[in-house]
Amino acid sequence: MAAALLIATAGSFLSSWSSYLDLLSHFRPQLAALGLVAIAASLWTRSWAVLVASLVLAAVNAAPLVPYLAGGPVSASRAVEGQERIRFLTFNLHGRSTDPEDLRRLLEREKPDIVLLAEVPHETRSAVQGWADIYPHQILEDGGLPVDAVLLSRWEIRGKSVDRSVMRYRSTLTVRLCDPDLNRRCFTLIGLHAEQPFGGGARRQRAQLAGVVREAKAASTGAVVVMGDLNVTPWARGFRLLIDGAGLTDTARTRKLSATWRSRFPLLGLHIDHILVNSGFTPIESRVGEDIGSDHFPVIADLILKSE
């Protein structure tokens, strides 16, 4: 067991050599848990050399998880105290797995101000168009397949661009959103459903995330939020390049470690749906929403837009 853990851990830190090795890094929580099992096994067998190796490997895999394990809702600082929270929700519907009425009821309960949806089937797109009473500002791009991002917003859309340079049907949507009551309160939203990191998809995903970095740096407003199904976990090299390159913070650090795909338990699922912000926002709280049929869970974050 310790030998397998050593090989997997070493491979996960050699992601720059191969996209296949990078896949191992997505399983950092599972590798950390395997390290604990290896520690217990070595104590049982009194294999002291194996125990030392298992301790080191468990620590190496657990270290990137610490910021998420220590997370929790934070209180607003005095600088933003009293300012209204903006609620964001991103959700991959997994096509027809999510009933449109269940989705509407979810939005009515959670009351997000900004919603980004992925894998929205055509019949749900038609239903969404009838929700103007809740979300008067909508973008329903369709590049040929229902995997483009769909945006629903209470904030006014003042400008948008759609980048299909990497993939025709997995676009990157960049939007300027402004408070309808206070025109000076604006921010840039970048939303996408990134490619899966398998084979040639890994190269396309890297190109998409590099495009997000460029869009974030070129944003006309100081505050930027990036959200969607990015098909990358916080422990992967592509995620680190995105965070560092665009100067972003993961709002998931304000909640305990939880997965967003297949299972909300980190040892059974993957953390691939994200709401990321730059210094223009103060993250207050993030959580994983309820199961309404998709293989993903909604991700919800409450943020405060800082004054410029």
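The sections below set out a description of the structure shown in this document. Note that this is a predicted model, so its numbers are computed, not measured.

**Quick notes on the layout of surface pockets**
Turning to step 1, where the next piece is worked out: Put simply, the largest pocket is a space of about 310 Å³.
Turning to step 2, where the next piece is worked out: Residue lining of the largest pocket: 19 residues in total, with Phe-198, Asn-231, Trp-261, Leu-270 and Ile-272 positioned closest to the centre.
Turning to step 3, where the next piece is worked out: Here the residues of the lining of the largest pocket are counted per class, giving 7 nonpolar, 8 polar and 4 charged.

**Some thoughts on the sheet that holds strand E6 (residues 172-178)**
Turning to step 1, where the next piece is worked out: Here we have 6 strands laid out as an open sheet, ordered E5-E6-E7-E8-E10-E9, and mixed in their pairing. The open sheet has two edge strands, strand E5 (156-163) and strand E9 (249-250), and neither has a second partner.
Turning to step 2, where the next piece is worked out: Taken strand by strand, helix H8 (residues 200-217) contacts E5, E6, strand E7 (186-192) and strand E8 (224-229), and its axis lies near 175° from that of E7.
Turning to step 3, where the next piece is worked out: Packed on one face of the sheet, helix H9 (residues 237-246) meets E9 and strand E10 (273-277) and runs near 20° to E10.

**Some details on the sheet that holds strand E4 (residues 150-153)**
Turning to step 1, where the next piece is worked out: Read across the open sheet, the 6 strands follow the order E3-E4-E2-E1-E12-E11; overall the sheet is mixed. Pairing within the sheet leaves two strands with one partner each, and these edge strands are strand E3 (137-140) and strand E11 (281-288). Taking the axes of each pair of neighbouring strands and ignoring which way they run, one obtains an average angle of 15° across the sheet.
Turning to step 2, where the next piece is worked out: Examined bridge by bridge, strand E2 (residues 114-118) and E4 share 4 bridges and lie antiparallel to one another. Looking at the pairing, Ile-114 lines up with Ser-153 of E4.
Turning to step 3, where the next piece is worked out: The sheet contacts of helix H6 (residues 100-110) involve strand E1 (86-92), E2, E4, E11 and strand E12 (299-305), and relative to E1 the element is tilted by about 160°.
Turning to step 4, where the next piece is worked out: Across the sheet, helix H7 (residues 122-129) touches E3 and E4, and the angle it forms with E3 is around 160°.

**Overview of unusual backbone geometry**
Turning to step 1, where the next piece is worked out: With a phi angle near 55°, Arg-46 is a residue other than glycine that sits in the positive phi range.
Turning to step 2, where the next piece is worked out: Inspection of the secondary structure assignment puts Arg-46 in the loop between helix H3 (28-45) and helix H4 (48-62).
Turning to step 3, where the next piece is worked out: Residue Arg-46 is classed as exposed on the basis of its relative accessible area, which comes to 64%.
Turning to step 4, where the next piece is worked out: Of note, the phi angle at Glu-119 is positive, near 50°, even though the residue is not glycine.
Turning to step 5, where the next piece is worked out: Here Glu-119 is to be found in the loop between E2 and H7.
Turning to step 6, where the next piece is worked out: Residue Glu-119 is classed as buried on the basis of its relative accessible area, which comes to 19%.

**With respect to empty space enclosed by the protein**
Turning to step 1, where the next piece is worked out: Under the counting rule described, the total for this entry stands at 2 cavities of 30 Å³ or more.
Turning to step 2, where the next piece is worked out: As a volume, the largest cavity reaches approximately 50 Å³.
Turning to step 3, where the next piece is worked out: Taken together, Asp-163, Arg-164, Ser-165, Val-166, Met-167, Arg-170, Thr-172, Ala-207, Gln-208, Gly-211 and Val-212 form the lining of the largest cavity.
Turning to step 4, where the next piece is worked out: Ranked by the residues each element gives to the lining of the largest cavity, the list is headed by H8, at 4 residues.
Turning to step 5, where the next piece is worked out: Split by residue class, the lining of the largest cavity holds 4 nonpolar, 4 polar and 3 charged.
Turning to step 6, where the next piece is worked out: The calculated volume of the second largest cavity comes to roughly 40 Å³.
Turning to step 7, where the next piece is worked out: Looking at the second largest cavity, the residues that line it are Pro-29, Trp-235, Leu-257, Ser-258, Ala-259, Pro-266, Gly-269, Leu-270 and His-271.
Turning to step 8, where the next piece is worked out: Each residue belonging to the lining of the second largest cavity can be placed in one class, and the counts come to 6 nonpolar, 3 polar and no charged.

Cut-offs used in this document
- Residues numbered from 1 in each chain as written.
- Predicted model: local features only at pLDDT ≥ 70, side-chain atom pairs only at ≥ 80, totals over all residues.
- Heavy atoms only, no water.
- 1 Å grid on protein atoms, 1.4 Å probe; cavity = no way out; pocket = protein on both sides within 12 Å on 5 of 7 lines; lining within 4 Å.
- Points joined across faces, edges and corners; volume = space filled by probe spheres on them.
- Nonpolar A, V, L, I, M, F, W, Y, C, P; charged D, E, K, R; others polar.
- Pairing = 2+ DSSP bridges.
- Helix = DSSP H or I, 4+ residues; strand = E, 2+ residues; numbered from the N terminus.
- Contact = heavy atoms within 4.5 Å.
- Axes fitted to C-alpha atoms, helices over the stretch in contact; angles between N-to-C directions.
- Buried < 20%, exposed > 50% of the residue type's maximum accessible area, 1.4 Å probe, protein only.

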